[in-house]
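# Overview (structure and organization)
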There are 2 protein chains.
Amino acid sequence: MRAIIIANGDCDNPKQLAALFRADDFVIAVDGGARHCETLSAYPDLLIGDFDSLDKPILKHFVADDVKMLCYPRHKDQIDLELAVDHAIAEGATEIAIITAMGGRWDMTLANLFLLTQEKYAMFELYLTDTVQRGQVIRAGSAVTLTVKAGGRFSLIPLLGDATGISANDLEYPLANHTLSLGSTKGLSNRTLADAITIELQQGLVYACYEIGD
Amino acid sequence: MRAIIIANGDCDNPKQLAALFRADDFVIAVDGGARHCETLSAYPDLLIGDFDSLDKPILKHFVADDVKMLCYPRHKDQIDLELAVDHAIAEGATEIAIITAMGGRWDMTLANLFLLTQEKYAMFELYLTDTVQRGQVIRAGSAVTLTVKAGGRFSLIPLLGDATGISANDLEYPLANHTLSLGSTKGLSNRTLADAITIELQQGLVYACYEIGD
């Protein structure tokens, strides 16, 4: 099952984003992210959060509509997005697409990105996406095949100090047992030469950002 | 000397952002970031980039105005923002404020953030800022005092695996020899109780995002 999680960042290109949804997606709206549901014509199966960042009228609308809600205390150890991903997994999702996760507060944008690094999510297909690009974590010891847009931008950003033993073909600048150090921007703005790219990583943790096809 | 670097991200609240500039700032516009100069009423001392993301008419305008330009080849190992920070330092800047660094491409947003982690910048006051919030790196073995907005949000995000020995007073949830692990969101959305916060960090690397005063 695929879950789509609507986070509380900016919602650019809502029309194209709305086209992502399939009838059988399990849709979770996260706190203030619920404000995007109307623009996206998305009906949430579940609303999660402490609801400190959702306008009251929108909240009332969902209450009147009998949408299932999980209300958490404001002071808690996890951000609402983490609770949402955990619930998606508990509902049986193996693929989890997070949308509208960037923009607004920088700390939340960064936290949303770093959430993907948590070891408990290693077994799931978890990614941030919009209509143009996708971001996901590549872990040490893995070989991951990504579906990309041929000719699109393809960037690798090391997250946990040096990332070593990076290999990937079908790129404008192919990588063979390559090393990227933290803060290095050498992995940015490569180009894909095919519509699927396999990346191997021996050590470290890498964030892959890449353009997706139509 | 303070340098302000205008990066190629989104430019929200240009009026308030324009108020940041002082007459004696050394202003660098980075490639497509030069498009923000007019809205910000900012006149760059230097334009840096490969100019692949700047509209031709804007480029021509700066050429006609005889603005100093450093044009780099498109295929290079650094992103334009790194070249800009290096030049600011070479010009004698000890404080470097980067604005309009987020939004648009996720890989560039992340790369801009991670650029701050580079060891060569450890001796400089280097931060990302807008009119509401500021982001900077706290390094192991340091005690840094940040000027914040009393009552504002204050978040710490570990960047390099576990960050240990974090201490800070004058927070709603004070930290005493605290540990934050990668992907953990426990350091998010604390609140400041004073207008200056001193953070100590023993091991790791932490990104501090905090609200700034008016």
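Keep in mind it's a predicted model, so treat the numbers as computed, not measured.

This next bit is on the interface of chain A and chain B. Residue-level contacts link 46 residues of chain A with 45 residues of chain B. Counting each side, the surface lost to burial between chain A and chain B is near 3,600 Å², with a carbon and sulfur contribution of 66%. Where chain A packs against chain B, one counts 0 salt bridges. Applying the counting rule to chain A against chain B returns 12 residue pairs in polar contact (both at pLDDT 80 or more). Looking at the side of chain A that touches chain B, the elements that each hand over two or more residues are helix H4 (106-115), strand S6 (125-129), strand S7 (133-139), strand S9 (153-158) and strand S14 (205-211) of chain A. The leading source of residues in the side of chain A that touches chain B is H4(A), at 9 residues. Class assignment for the residues of the side of chain A that touches chain B results in 20 nonpolar, 15 polar and 11 charged.

Before going further, it helps to spend a moment on the relation of the copies chain A and chain B. Superposing chain A onto chain B takes a rotation of 180° plus a shift of 0.0 Å along the axis, which leaves an RMSD of 0.0 Å. The superposition of one copy onto the other is thereby described by a two-fold rotation axis. If distances are taken from each C-alpha of chain A to the rotation axis, the shortest is found for A:Leu160, at 2.5 Å.

Two faces make up the sheet, and in a regular strand the side chains alternate between them. Residue and element names in this part refer to chain A. In terms of burial, strand S1 (residues 2-6) is a largely internal element, 5 of the 5 residues being buried. The side-chain alternation of S1 yields two buried faces, one formed by Arg 2, Ile 4 and Ile 6 and the other by Ala 3 and Ile 5. In this structure, S1 lies alongside strand S2 (residues 26-30), joined through 4 bridges in parallel fashion. Following the sheet pairing, Ile 5 is matched in S2 by Ile 28.

Let's shift gears to the pairing of S7(A). All names here are of chain A. The element S7 is extensively covered by neighbouring structure, given that 7 of its 7 residues are classed as buried. Where S6 lies against S7, 2 bridges are found, and the strand directions are antiparallel. Its bridge partner lying in S7, Thr 129 is registered against Arg 134. Across 7 bridges, S7 lies against S14 in antiparallel orientation. Bridge pairing in S14 places Arg 139 opposite Leu 205.

Our next topic: the environment of A:Asp77. Along the chain, A:Asp77 falls in the loop between strand S4 (69-71) and helix H3 (80-90). Beyond its immediate stretch of four places on either side in the chain, A:Asp77 contacts B:Thr185 and B:Lys186.

With that settled, the discussion passes to the domain arrangement of chain A. All names here are of chain A. Parsing chain A into structural domains produces domain 1 (2-131) and domain 2 (136-211). Centre-to-centre, using C-alpha coordinates, domain 1 lies 27 Å away from domain 2. Each partner contributes to the interface: domain 1 provides 11 residues, whereas domain 2 provides 6 residues. Both faces considered, domain 1 and domain 2 share a buried interface measuring about 620 Å² in area, 60% of it formed by carbon and sulfur atoms. Where domain 1 meets domain 2, there are 1 salt bridge. Between Glu 119 and Arg 139 there is a salt bridge, and its shortest N-O distance comes to 3.5 Å. If you look at where domain 1 meets domain 2, you find 4 residue pairs in polar contact (both at pLDDT 80 or more). Contributions of two or more residues to the side of domain 1 that touches domain 2 are made by H4 and S6. Per-element accounting of the side of domain 1 that touches domain 2 gives the leading share, 3 residues, to S6. A per-class count over the side of domain 1 that touches domain 2 returns 8 nonpolar, 2 polar and 1 charged.

The rules behind each value
- For every chain, the first residue of the written sequence is number 1, and numbering continues from 1 along that sequence.
- Following the order in which they are written, the chains are lettered starting with A and the ligands numbered starting with 1.
- Local features in a predicted model are, by the rule used here, given only for residues with pLDDT of at least 70; side-chain atom pairs are given and counted only at 80 or more, and totals for whole chains, interfaces and linings are based on all residues.
- Side-chain numbers here rest on the full set of heavy atoms in the structure, without hydrogens or water.
- Should any heavy atoms of two residues lie within 4.5 Å, those residues are counted as being in contact.
- Two parts placed together each lose some accessible area under a 1.4 Å probe, and adding up what both lose gives the buried area.
- Any carboxyl oxygen of Asp or Glu within 4 Å of a side-chain nitrogen of Lys or Arg constitutes a salt bridge here.
- Here a polar contact means two N or O atoms within 3.5 Å. Within protein one must be a hydrogen donor candidate and the other an acceptor candidate, and residues neighboring in sequence count only if both atoms are side-chain atoms.
- Strands here mean DSSP runs of E at least two residues long; helices mean DSSP runs of H or I at least four residues long; both are numbered from the N terminus.
- When residues are grouped by polarity, Ala, Val, Leu, Ile, Met, Phe, Trp, Tyr, Cys and Pro land in nonpolar, Asp, Glu, Lys and Arg in charged, and all others, Gly among them, in polar.
- Least squares is used to superpose the copies, and the fit set is the C-alpha atoms of residues whose pLDDT is at least 70 in both copies.
- Relative accessible area decides the class of each residue, using a 1.4 Å probe on protein chains only: under 20% of the type maximum gives buried, over 50% gives exposed, and in between gives partly exposed.
- The pairing criterion for strands is at least two bridges between them, as found by DSSP.
- Here the limits of each domain have been adopted from an automatic or database domain assignment.

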